[in-house]
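One letter stands for each residue in the lines below.
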Amino acid sequence: LLNIQDWELQQTFEYVFLYATVPLFALYLGLRFPGYFPPVLHLMASAISGALIFLVLITPASVFSHSAPVFQLMVLAYVFLWLGVMIDHLRKKRPGAIPLFIGGLIFITGSINDILFTNNLINSANLAHATALIFVIFTYFSKTLIPDRPMESLSAAPSETGLTDMGSIETGSIETG
């Protein structure tokens, strides 16, 4: 795409963008599931990623290419934390949990494939980019197309859920002072 002929520069770009993904994904998880991912976790992920990016920018590829296992451990930590959140959401029958879990499982499978592939443990292809897109699509379906109400209330009458005929939430009176 950029027609970069220098292999080391290509590797630098790839590692910088790769290492920037975890803090961004951590930010997403913190916004999507605020009670499960404390801000200190995001600060740690950002600090570790920032240090890795700094390492990439100041050292040659022969040095920074050995930093991938640190990144991969951080990714695996978030994978296990996210799985815990999803199991809790499935257990509590939260709306949208099933498509979000399926999309996440596809993304996790692609990420684990890439970790094994980059460590020369399996002979496949990099799949995380495609599986990340699948995760984004499933996330859209889980949040946008499924109402944000507990599953038990989906079959309840509108008066029991606080919804009117128009679908708006009844708010009652608001006192201003």
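Just above sits the structure.
Quantities reported herein were computed from a predicted structural model and do not represent experimental measurements.

Here is what the cut-offs are and how they apply
- Residues numbered from 1 in each chain as written.
- Predicted model: local features only at pLDDT ≥ 70, side-chain atom pairs only at ≥ 80, totals over all residues.
- Heavy atoms only, no water.
- Helix = DSSP H or I, 4+ residues; strand = E, 2+ residues; numbered from the N terminus.
- Areas by Shrake-Rupley, 256 points an atom, 1.4 Å probe, with all protein chains shown as cover.
- Core = buried A, V, L, I, M, F, W, Y, C linked by side-chain atoms within 4.5 Å.
- Buried < 20%, exposed > 50% of the residue type's maximum accessible area, 1.4 Å probe, protein only.
- Contact = heavy atoms within 4.5 Å.
- Phe/Tyr/Trp six-rings, centres within 6.5 Å; stacked < 30°, edge-to-face > 60°.
- 1 Å grid on protein atoms, 1.4 Å probe; cavity = no way out; pocket = protein on both sides within 12 Å on 5 of 7 lines; lining within 4 Å.
- Points joined across faces, edges and corners; volume = space filled by probe spheres on them.
- Nonpolar A, V, L, I, M, F, W, Y, C, P; charged D, E, K, R; others polar.
- Patch = residues over 30% accessible without salt bridge, like charges linked within 9 Å, V, L, I, M, F, W, Y side chains within 5 Å.
- Salt bridge = Lys/Arg side-chain N within 4 Å of Asp/Glu carboxyl O.

Comments concerning the overall build of the protein chain
Each helix and strand counted, the protein chain has 7 helices and 0 strands in total. Its helices and strands taken in sequence order, the protein chain reads α-α-α-α-α-α-α from the N to the C terminus. Summed over all atoms, the accessible surface of the protein chain reaches about 11600 Å², with 69% contributed by carbon and sulfur.

What about the nonpolar core?
Counting residues in each nonpolar core, the largest one holds 28 residues, and the members touching the most others are Y19, V22, F33, F37, F71, Y78 and W82. Within the residue set of this core, elements represented by two or more residues are α1 (7-32), α2 (39-58), α3 (61-64), α4 (68-91) and α5 (97-118). No other element matches the 9 residues that α4 contributes to this core. With residues up to four places along the chain from it excluded, the contact list for W82 reads L29, F33, F37, L100, F101, G104, L105, I108 and F135.

Some words on the side chain of Q72
Here Q72 lies in helix α4. Among all residues touching Q72, those that are not within four sequence positions of it are I115, T118 and N119.

As for the packing of aromatic side chains
Aromatic rings in a pair are described by how distant their centres are and how their planes are angled relative to each other. Scanning the entire structure with this criterion turns up 11 aromatic pairs. Ring centres of W82 and F135 lie 6.1 Å apart, and the angle between their planes is 75°; this geometry places the pair in the edge-to-face category. Placement of the pair is W82 in helix α4 and F135 in helix α6 (residues 128-144), with a sequence separation of 53 residues. The class of W82 is buried, set by a relative accessible area of 3%. Take F135: its relative accessible area is 5%, and that puts it in the buried class.

Considering the environment of A128
Relative to the assigned elements, A128 resides in helix α6. We classify A128 as buried; its relative accessible area is 18%. Taking C-alpha positions, A128 is 9.5 Å from I115, a pair spaced 13 residues apart along the chain. When near neighbours in sequence (up to four residues on either side) are disregarded, A128 contacts F107, G110, S111 and D114.

Section: the layout of surface pockets
Approximately 1000 Å³ is the volume attributed to the largest pocket. Around the largest pocket, the lining comprises 32 residues; the ones closest to its centre are L18, T21, F71, D114 and A128. If you tally residues by element for the lining of the largest pocket, the top one is α1, at 9 residues. Split by residue class, the lining of the largest pocket holds 20 nonpolar, 10 polar and 2 charged.

A word on the environment of N126
Topologically, N126 is positioned in the loop between α5 and α6. For the pair N126 and D114, spaced 12 residues apart in sequence, the C-alpha to C-alpha distance is 5.3 Å. Excluding its chain neighbours within four sequence positions, the residues that come into contact with N126 are D114, F117 and T118.

Some remarks on a nonpolar patch on the surface
Together, L90, I98, I102, I106 and I134 make up a nonpolar patch on the protein surface, roughly 350 Å² of accessible area in all. When residues in the nonpolar patch are grouped by element, the largest group, 3 residues, is from α5. The residue I102 is located in helix α5 in this model.

Focus on the pattern of salt bridges
Close approach of charged atoms lets side chains of opposite charge pair. One pass over the structure, following the stated rule, counts 2 salt bridges. Between D88 and R91 there is a salt bridge; the shortest N-O distance is 2.5 Å. Taken together, the residues D88 and R91, both in helix α4 and 3 residues apart, mark about one turn of the helix. The buried category is assigned to D88, whose relative accessible area is 10%. Residue classification places R91 among the exposed residues on the basis of a relative accessible area of 60%. Of the charged contacts, one joins K92 and D88 as a salt bridge, the two residues approaching to 3.3 Å between their closest N and O atoms. Bridged by salt links that share partners, the residues D88, R91 and K92 form one connected network.

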